[in-house]
Amino acid sequence: MAVAAALAMLALAGALAIFVPPTATDERGAPAIARLLDAWTAKLSGTYTVELHVSRQQPGGGSFDVDEVLVQRPPDRLLSGLGTVNGRFEGRLVRCRTSTEGVESCAPTASARSYAADVAAELDTLRSYVEGPRPLYRTVGYGRGCFGLELALALPAPPYGQEALFCFDEVTGAPRLTVIRRDGLIERVEATRISTEVTFGDLRSLAAGEPYVVRGR
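The notes below deal with the structure included here. Within each chain, residues carry numbers counting from 1 in the order of the written sequence. In keeping with the predicted nature of the model, local features appear solely for residues at pLDDT of at least 70, side-chain atom pairs appear and are counted solely at 80 or more, and the whole-chain, interface and lining totals rest on all residues. Each side-chain value is worked out from all heavy atoms of the structure, with water and hydrogens disregarded.

1. Observations concerning the overall build of the chain
Part 1: Comment: elements are numbered from the N terminus, with helices defined as DSSP H or I runs of at least four residues and strands as E runs of at least two. Counting its regular elements, the chain contains four helices and twelve strands.
Part 2: Per-residue accessibility, obtained with a 1.4 Å probe over protein chains only, is compared with the maximum for each type, and a residue is labelled buried under 20%, exposed over 50%, and partly exposed between these values. Among the 217 residues that make up the chain, the fraction classed as buried is 44%.
Part 3: Taking all contacts inside the chain whose residues are at least 6 apart in sequence as the whole, residues at least 24 apart take part in 47%.
Part 4: Accessible areas in this description were obtained via Shrake-Rupley with a 1.4 Å probe; residue shielding takes into account the shown protein chains only. As displayed, the chain has an accessible area near 11000 Å², and 55% of this comes from carbon and sulfur atoms. We call two residues in contact when some of their heavy atoms are within 4.5 Å.

As structure tokens, then:
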């Protein structure tokens, strides 16, 4: 199923619909949860540069679009977009705001805790959402590195909305598609380019607040 059709079904029917082979069988319960946790671990452990297009569709039809880039080579990980750079580099936290002319301001950096501790904390949080006798989300595995989360308990502001779709690149572990529905708002983050090329220069430049240079496709 095409991405546009999947998003339309998300908006109109409130059901997760993704582009998978018609013969694929939904996987639920413990096996789906285990595969989701493995995929999430691979996402946090992989080395890659992923260029992302973020779009938010409002209930009234308005939209917002922005491009981001995530550069990761554990324990270094930096996300740049919309005039900001956030993450960690060489054991320090990075919090920069940039302008079109270059660096506008960078907050004083502090020591980051170990990357292993960050990974463990993020996985523990995800487990708390999907495991247990009354999980916050039901997990569905669709194959091709895609997973759906369906809200199972009433909560004023659930972390992944009423439902969410996460797809991961099966080679690098990078996030290739994320769709989250929060009431009438739909946020879609899609990879436009994924590369295993990550250099120290890429990381150092982003950590200094310099704009990311898009390479040729």
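From this point, things continue past the structure.
2. As for the pairing of strand E11 (residues 175-182)
Part 1: Within E11, seven of the eight residues are buried, leaving the element largely enclosed by the surrounding structure.
Part 2: A pair of strands is labelled paired if DSSP reports no fewer than 2 bridges between them. Pairing between strand E10 (residues 163-168) and E11: six bridges, direction antiparallel. Each residue of the ladder has a partner; that of Phe168, found in E11, is Pro175.
Part 3: In this antiparallel pair of consecutive strands, E10 and E11, the connection spans six residues, and Gly173 shows a positive phi of 90°.
Part 4: Following E11, the chain reverses through two residues before pairing antiparallel with strand E12 (residues 185-195); Asp183 in that reversal takes a positive phi of roughly 55°.

3. Some points on unusual backbone geometry
Part 1: Each neighbour pair has its own omega, and for Pro74 with Pro75 the value is 10°, a cis peptide bond.
Part 2: Tracing the sequence through the fold places Pro75 in the loop between strand E3 (63-73) and strand E4 (76-81).
Part 3: Its identity as a non-glycine residue notwithstanding, Arg144 has a phi of 55°, on the positive side.
Part 4: With phi around 55°, Asp183 is a residue other than glycine that occupies positive phi space.
Part 5: Relative to the helices and strands, Asp183 is located in the loop between E11 and E12.
Part 6: By relative accessible area, Asp183 is classed as exposed at 60%.

4. Examining the nonpolar core
Part 1: Of all hydrophobic cores here, the largest spans 21 residues; its most connected members are Leu36, Trp40, Val130 and Tyr160.
Part 2: Looking at this core, the elements with two or more residues in it are helix H2 (30-45), helix H3 (115-130), strand E9 (146-151) and E10.
Part 3: Tyr160 has contacts with Trp40, Leu126, Tyr129, Tyr137, Leu149, Phe166, Ile180, Arg181 and Arg182, leaving out every residue within four places of it along the chain.
Part 4: One finds Leu78, Val85, Phe89 and Tyr212 within the second-largest nonpolar core, a separate group that totals twelve residues. The definition of a nonpolar core used throughout is a set of buried Ala, Val, Leu, Ile, Met, Phe, Trp, Tyr and Cys residues joined through side-chain atoms within 4.5 Å.

5. Remarks on the state of the cysteines
Part 1: A pair of cysteine sulfur atoms is labelled a disulfide when the two atoms are within 2.5 Å. Throughout the structure, instances matching the rule amount to one disulfide.
Part 2: In this model Cys146 forms its disulfide with Cys167; the gap between the sulfur atoms is 2.1 Å. Linking Cys146 and Cys167, the disulfide has an S-S dihedral of approximately 110° and is accordingly described as right-handed. Pair noted here: Cys146 is in strand E9 and Cys167 is in strand E10, with a separation of 21 residues, a long-range link.
Part 3: Residue classification places Cys146 among the buried residues on the basis of a relative accessible area of 1%.

6. Here's the deal with the pairing of E4
Part 1: Relative to E4, E3 runs antiparallel, the two being bridged by six bridges. Bridge pairing in E4 links Gln72 to Arg77.
Part 2: Turn length for the E3-E4 hairpin, with the two strands adjacent in sequence and antiparallel, is two residues.
Part 3: Relative to strand E5 (residues 84-89), E4 is paired through five bridges, and the arrangement is antiparallel. Considered in E5, the bridge of Ser80 is made with Val85.
Part 4: Between E4 and E5, which pair antiparallel and follow one another directly, the connecting turn spans two residues, one of which, Leu82, has a positive phi of 55°.

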